[in-house]
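As a plain string of letters, each chain reads:
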Amino acid sequence: MEERISDEFKSFLDSGIYRLDGSKVVFVDPVRLLNDSYSRFRISPSSYYSRSFQSTDRRRVVEEVNVPSISKKKRKRKKTPRDLNEREKSAEKRHQQEARSLLLKAHRAFLEAAELQTFLPKLVKCVEFSRGGETEEKNFIELGSCWQAPLYEIGLCFPKSNEGEDSWLANHVGRTVVPLFNNLISHETNDEVEAEFNNSQYILPGRSCFYMSDLRQIRNLIPAKSDQGFNLIVIDPPWENGSARQKAAYPTLPNRYFLYLPVKELAHAEGALVALWMTNREKLHMFVEKDLFPAWGVTNVTLCYWLKNIDSECMPAVNLEDARVIISIPGVHSRKPALGKLLWDHIPGNKPVKCIELFARELMAGWTSWGNEPLHFQDSRYFVEKDKKDGLR
């Protein structure tokens, strides 16, 4: 007899969102969220996730969350405790009074979702089908800063039209070559476009738009009129980080640089929802609260934690009421879950809304993506063809 599944789980299979503990905690499958942008292709789960997810002893995991990390290491001689400075006191207060109980409760709800726990190992299963071969991954940051950057071009290969042979569209499809850097590249069709640059292939979702440049050129995206601005602005800055491993993955920028992002000018006249991904460090909290948000004109801030398995290193600050913790399996290279569907009901302005991601490393249907490497995860090596049995369902 086929096992019966809940309505919530059926909804998760379609949407990629599983609501836990009422509406304050959600588990998301980032691959399902992104695949809403594609019809002919699918993102390969095994290329997205940085690790496999095996079934876990729930009791052991809960114990690990509650037991201090010192218990996992060889005990050392206790040192005389010193007085905490003001920043350390603020961090301790934030952790103990705001974060700890919330994250423990969210993680417990995640572990108690039996049908979800059973399904998790299947998330990363995929029959691999390489479209891009073993070509070397492009360093767009390096390419965009060299003297040849204005000469680089990308070829957009539009699919054949289903219209009649005599139609205008059928006679104007084909390959279009455009400048790659400092140029707004978009297409209005609902279907994916295959692109080629320097012997590598890329998959661009329908109705996507991207502008590849460094920080000096971002003001070119400011709309001519404020009522043509963006209703949702997602920002994932390359924060300064002392980890050598993360610095090897992507270059960072000094925090003061982000003060000059034209968030006010990009926002729609009716207001905008700003979602900022930030590292969970007290120094950064203070900078965002006291300097960055006032410079951007951001008010009414709510914290929403991103719980990666049993870690809680990052959080986006968003004006959000019905979700306080987002849980997901982490992807490679600090790849963040898409937030559009989670935030949809809270975006101000009339529909359809306009959405933009700053410092983007991938594209989404209907979105504008800006940064010096928005094509990073659009390489065809990350995709499988839709008619291949990729194990997504």
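Residues numbered from 1 in each chain as written. Predicted model: local features only at pLDDT ≥ 70, side-chain atom pairs only at ≥ 80, totals over all residues. Heavy atoms only, no water.

### Description of the sheet that holds strand β8 (residues 200-204)
Right, on to step 1. Pairing in this open sheet of four strands is antiparallel, and the strands run β5-β4-β7-β8 from one edge to the other. Each of the sheet's edge strands pairs with one partner strand only, and the pair in question is β5 (175-179) and β8. When strand polarity is set aside, the average angle formed by the axes of neighbouring strands in this sheet is 30°.
Right, on to step 2. Sheet topology places strand β4 (residues 153-157) next to β5; five bridges connect them, and they run antiparallel. Bridging from a neighbouring strand, Gly155 pairs with Val177 of β5. (Pairing = 2+ DSSP bridges. Helix = DSSP H or I, 4+ residues; strand = E, 2+ residues; numbered from the N terminus. Axes fitted to C-alpha atoms, helices over the stretch in contact; angles between N-to-C directions.)

### Looking at the pattern of salt bridges
Right, on to step 1. Within the structure shown, the criterion is met by 10 salt bridges.
Right, on to step 2. Between Asp191 and Arg40 there is a salt bridge, with its nearest N and O atoms 3.1 Å apart. Separated by 151 residues along the polypeptide, Asp191 in the loop between β6 (184-186) and β7 (193-197) and Arg40 in the loop between α2 (30-35) and β3 (41-43) bring together distant segments of the chain.
Right, on to step 3. Look at Asp191 and you get partly exposed, because its relative accessible area is 22%.
Right, on to step 4. Measuring nitrogen to oxygen at the nearest pair gives 2.6 Å for the salt bridge that ties Arg335 to Glu362. Within this pair, whereas Arg335 is found in the loop between β14 (325-328) and α11 (340-343), its partner Glu362 is found in the loop between β15 (355-358) and β16 (367-371), the two being separated by 27 residues in sequence. Each member of the pair Arg335 and Glu362 is classed as buried.
Right, on to step 5. Within this structure, Arg40, Asp191 and Glu194 form a network of salt bridges that share partners. (Salt bridge = Lys/Arg side-chain N within 4 Å of Asp/Glu carboxyl O. Buried < 20%, exposed > 50% of the residue type's maximum accessible area, 1.4 Å probe, protein only.)

### Some words on unusual backbone geometry
Right, on to step 1. The omega torsion of the bond from Lys351 to Pro352 falls at 0°, within 30 degrees of zero and hence cis.
Right, on to step 2. Mapping Pro352 onto the fold places it in the loop between α11 and β15.
Right, on to step 3. Positive phi is not limited to glycine here, since Asn182 has a value of about 55°.
Right, on to step 4. Tracing the backbone shows Asn182 in the loop between β5 and β6.
Right, on to step 5. According to the relative accessible area criterion, Asn182 is partly exposed, its value standing at 44%.
Right, on to step 6. Within the chain, Asn300 stands out as a residue other than glycine whose phi angle is a positive 55°.

### A look at the side chain of Ser369
Right, on to step 1. Here Ser369 lies in strand β16.
Right, on to step 2. A distance of 3.3 Å separates a polar side-chain atom of Ser369 from the backbone oxygen of Glu362. (Polar contact = N/O pair within 3.5 Å; in protein donor to acceptor, adjacent residues only side chain to side chain.)

Everything listed here is a matter of geometry and, on its own, says nothing about what the molecule does.
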